[in-house]
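Each chain, written out:
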Amino acid sequence: DEKKVEDEYEFADDGEGVNKKLRLILRDSHIAGDADAAYLDSEAVATLEPSLSTKCKGAVHIPGEIVVDPWLFPLAMATHSREIGEKAGLGDVIQTGREVVMEKSEFDKNSGLWSVATRSTCGDENDSTVISSKSVINAAGIDADVMQLKATLALRGTGGGSSVLPSPTFEARPRRGQYIVYSTPKLYKCDETTTNSRWVDIPKTVPIRPIQPIPTERTKGIFVYSTLYNQIVVGPTAKDQSSRTNNTLDPEVAKELAAYASRIFDRTMGSSQSASDIDFDCNIIGEYVGIRPGTTKRDYQIHLHYPAKFITVGGIRSTGLTASLGIGRHVVQTLLSPLIPKPEHFMTSTHPLKPTPLPDVVELVRDYHARSDGTIAIHGHAYKV
């Protein structure tokens, strides 16, 4: 009811509908339980985010929005998983350098056990191992549908098949997202009181909070944000493609991203295909493409196939990082518990194993440079950066 929205979330008509859209976002945020969300006018935006263009007419401030390192987060999960495995006497629960060969795997309906075939990712056909398991959790990302289909066909060949494990009800729809990463603009500053000179950050050139456009039904839009390392990231785009692996850079998209960043900051931001102003000259760290595991369905595809003791966790896109702990709890406590009725006591919420924090980022950077092999070491395990 738009009239009700206007009454409860009063706004001034700016002729372009921007204020109305922002007020609707504010209303939806409050309905979702984010009571701290607040509307900001252009003056408030300029005060909170001095790096942004003064043409910004307003914004909705979500105080809970944060930036995380997308590599350190799963690394912390892997570290904690290994701690749990060691406490359970299972040894190292993470196998690296191996991949599942689902088409050669088998499920014994009588014993209820899976024999999951694996092989080396280095291409050694003789290096094969079979893992016995009470259940399989298919979290293969963009290939989750393919993995389930291979399992279905494998079971069909052993007398099981669709009656035990049906074909997936969804199909992958890869969506590519392209990014540009800039280093913080710097200038060479001379200290008038001493003979020392140094590079210093140019003030008011880096956003403090993640900056997001007004989202649409299809996409949240292109973000501009600063990383934990004070770099500026612009992206991602959202373009559907048929390939699940093509992550080549599109030079025209790079230009579009640079133009978008230029509008946000009201300064000329460059790409590998377009020049930038002197402050950002040579400040482009890199450009890259990531592929989101979109599907033909709007929602996450989390399904329990009880007869086959097979759980698919697919279609988990960008929001999956925020939802990951909740997804994990749902899979383990709601879906996995009927398959394995008696989980170990430390796996339950009443006896959680407190994780050991990761080393400080500065320490990890030192370790990376000291090792000189492209890895860091955490609790005796090497991880490739």
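What you see as residue numbers is a count from 1 along each chain, following the sequence as written. Per-residue local features of the predicted model are confined to residues with pLDDT of at least 70, and side-chain atom pairs are confined, for both listing and counting, to 80 or more; whole-chain, interface and lining totals are unaffected and use all residues. As a convention, hydrogens and water are excluded, and side-chain values are obtained from all of the structure's heavy atoms.

**Here's the deal with the overall build of the protein chain**
Comment: elements are numbered from the N terminus, with helices defined as DSSP H or I runs of at least four residues and strands as E runs of at least two. Per the secondary structure count, the protein chain includes 8 helices and 18 strands. Three exposure classes are used, based on accessible area relative to the maximum for each residue type with a 1.4 Å probe and protein chains only: buried under 20%, partly exposed in between, and exposed over 50%. Taking all 385 residues of the protein chain together, the buried fraction comes to 34%. Of the roughly 22900 Å² of accessible surface on the protein chain, a fraction of 53% belongs to carbon and sulfur atoms. Surface accessibility follows the Shrake-Rupley procedure with a 1.4 Å probe radius. Residue values consider only the protein chains on display as shielding.

**So, the environment of Leu-358**
By secondary structure assignment, the location of Leu-358 is in the loop between α7 (320-336) and α8 (361-371). Here the alpha-carbon distance between Leu-358 and Phe-73, two residues 285 residues apart in the chain, equals 9.9 Å. Only heavy atoms enter the contact rule, under which two residues are in contact if any of them lie within 4.5 Å. With sequence-adjacent residues up to four places away left out, Leu-358 is seen in contact with Leu-72, Ala-76, Thr-79 and Ile-378.

**Regarding the environment of Ile-180**
Within the element layout of this structure, Ile-180 appears in strand β8 (residues 175-182). Ignoring anything within four residues of it in the chain, the contact list for Ile-180 reads Ile-232, Val-233, Val-234, Ala-254, Leu-257, Ala-258, Gly-270, Ser-271, Ile-284, Gly-286 and Glu-287.

**Focus on the sheet that holds strand β7 (residues 136-138)**
On the basis of which strands lie adjacent, the open sheet formed by 3 strands has the order β7-β16-β15 and mixed pairing. Taken across any chain shown, the strands that pair with only one partner, and hence form the sheet edges, are β7 and β15 (301-305). The sheet shows a mean angle of 10° between the axes of neighbouring strands, taken without regard to direction. One bridge is not enough; two strands pair if DSSP finds at least two bridges between them. The sheet contact formed by β7 and strand β16 (residues 310-314) spans 3 bridges and is parallel. The residue bridging Val-136 from the neighbouring strand is Phe-310, located in β16. Axes here mean lines fitted to C-alpha atoms, for a helix over just the part in contact, with angles spanning 0 to 180 degrees between N-to-C directions.

**Focus: the nonpolar core**
For soluble globular proteins, nonpolar side chains are generally found buried alongside one another. Take the buried Ala, Val, Leu, Ile, Met, Phe, Trp, Tyr and Cys residues and link them wherever side-chain atoms come within 4.5 Å; each set so joined is a nonpolar core. Membership of the largest hydrophobic core comes to 19 residues, with the highest contact counts inside it found for Tyr-182, Val-224 and Val-234. At the level of elements, β8, β12 (232-235) and α6 (251-265) are the ones that each hand at least two residues to this core. Ranked by residues supplied to this core, first place goes to α6 with 7 residues. Residues Met-102, Val-116, Ala-151 and Phe-310 belong to the second largest nonpolar core, which totals 12 residues.

**Quick notes on the pairing of β8**
Here is the key point about a regular strand: its side chains alternate between the two faces of the sheet. Counting buried positions along β8 gives 7 out of 8 residues, so the element sits mostly inside the fold. Inspection of the sheet shows β8 paired to strand β13 (residues 239-240) by 2 bridges, in the antiparallel sense. Along β13, the bridge assignment pairs Arg-175 with Asp-240. Pairing of β8 with strand β14 (residues 284-292), which is carried by 8 bridges, proceeds in the antiparallel orientation. By the bridge assignment, Gln-178 is partnered in β14 with Val-289.

**Comments concerning the packing of aromatic side chains**
Ring pairs shown here join Phe, Tyr and Trp side chains whose ring centres sit within 6.5 Å, with only the six-membered ring taken for Trp; geometry is labelled stacked below 30 degrees between planes, edge-to-face above 60, and tilted in between. Enumeration according to the criterion identifies 3 aromatic pairs in this entry. For the ring pair Trp-114 and Phe-310, a centre distance of 5.9 Å and an interplane angle of 45° mean the geometry is tilted. Within this pair, whereas Trp-114 is found in strand β5 (residues 113-120), its partner Phe-310 is found in strand β16, the two being separated by 196 residues in sequence. Note on Trp-114: relative accessible area 0%, which makes it buried. By relative accessible area, which is 0% here, Phe-310 ends up buried. Three or more aromatic residues joined by ring pairs make a cluster, and in this case those are Phe-107, Trp-114 and Phe-310. Across the ring face of Tyr-39, the terminal group of Arg-23 is positioned such that the distance to the ring centre comes to 3.7 Å. Whether a charge sits over a ring comes down to the Lys NZ or Arg CZ being within 6 Å of the ring centre and within 35 degrees of the ring normal.

**Some words on helix α2 (residues 18-31)**
The periodicity of an α-helix, 3.6 residues per turn, causes residues three or four places apart in sequence to face the same way. Under the 1.5 Å per step criterion, the end-to-end length of α2 is 20 Å for 14 residues, consistent within 8% with the ideal 20 Å. Those residues of α2 that fall on the buried side of the exposure criterion are Asn-19, Leu-22, Arg-23, Leu-26 and Ser-29. Buried residues of α2, seen end-on, are gathered within an arc of 120° and therefore sit on one face of the element. Each element contacted by the buried residues of α2 is listed here: β1 (38-41) and β2 (58-61). Positioned one or two residues after α2, Gly-33 has a phi angle of 100°, which is positive. Helix span is expected to be 1.5 Å times the residue number reduced by one. For this quantity, the arc is that covered by the directions from the helix axis to the C-beta atoms.

**A word on unusual backbone geometry**
Backbone torsion omega between Gly-235 and Pro-236 reads 5°, so that peptide bond is classified as cis. Here Pro-236 shows up in the loop between β12 and β13.

**Here we look at the environment of Val-206**
Take Val-206: it is sitting in the loop between β10 (197-201) and β11 (223-226). Note on Val-206: relative accessible area 17%, which makes it buried. Expressed as a C-alpha distance, the spacing of Val-206 and Ser-183, which sit 23 residues apart in the sequence, is 9.6 Å. Every residue in contact with Val-206, bar those within four places of it in the chain, is listed here: Ser-51, Thr-184, Ser-226, Asn-230 and Ile-232.

**Describing the confidence of the model for the protein chain**
The predicted coordinates should not be examined in detail at positions where pLDDT is low. Per-residue confidence from the prediction method is given by pLDDT, with values spanning 0 to 100. Across the protein chain, pLDDT averages 84, with 83% of residues at or above 70. In the predicted structure, residues 1-9 sits below a pLDDT of 50 and forms 10 contacts with residues beyond four places in sequence or in another chain. Here residues 277-281 is modelled with pLDDT under 50, and outside its nearest four sequence neighbours on either side it reaches 12 contacts, counting other chains as well.

**Some points on the pattern of salt bridges**
Definition used for salt bridges: Asp or Glu carboxyl oxygen within 4 Å of a side-chain nitrogen of Lys or Arg. For the coordinates displayed, the defined rule picks out 12 salt bridges. Residues Lys-150 and Glu-103 are paired through a salt bridge, measuring 3.9 Å at the closest nitrogen-oxygen approach. Here Lys-150, found in helix α5 (residues 144-157), pairs with Glu-103, found in the loop between β3 (98-100) and β4 (106-108); they are 47 residues apart in sequence, far enough to count as distant. Under the relative-accessibility criterion, Lys-150 is labelled partly exposed at 35%. The salt bridge involving Lys-255 is made with Glu-252; its shortest N-O contact spans 3.8 Å. Within this pair, Lys-255 and its partner Glu-252 are both found in helix α6, separated by 3 residues, close to a single helical turn. Several salt bridges converge on common partners, so that one network encompasses Asp-143, Asp-145 and Arg-244.

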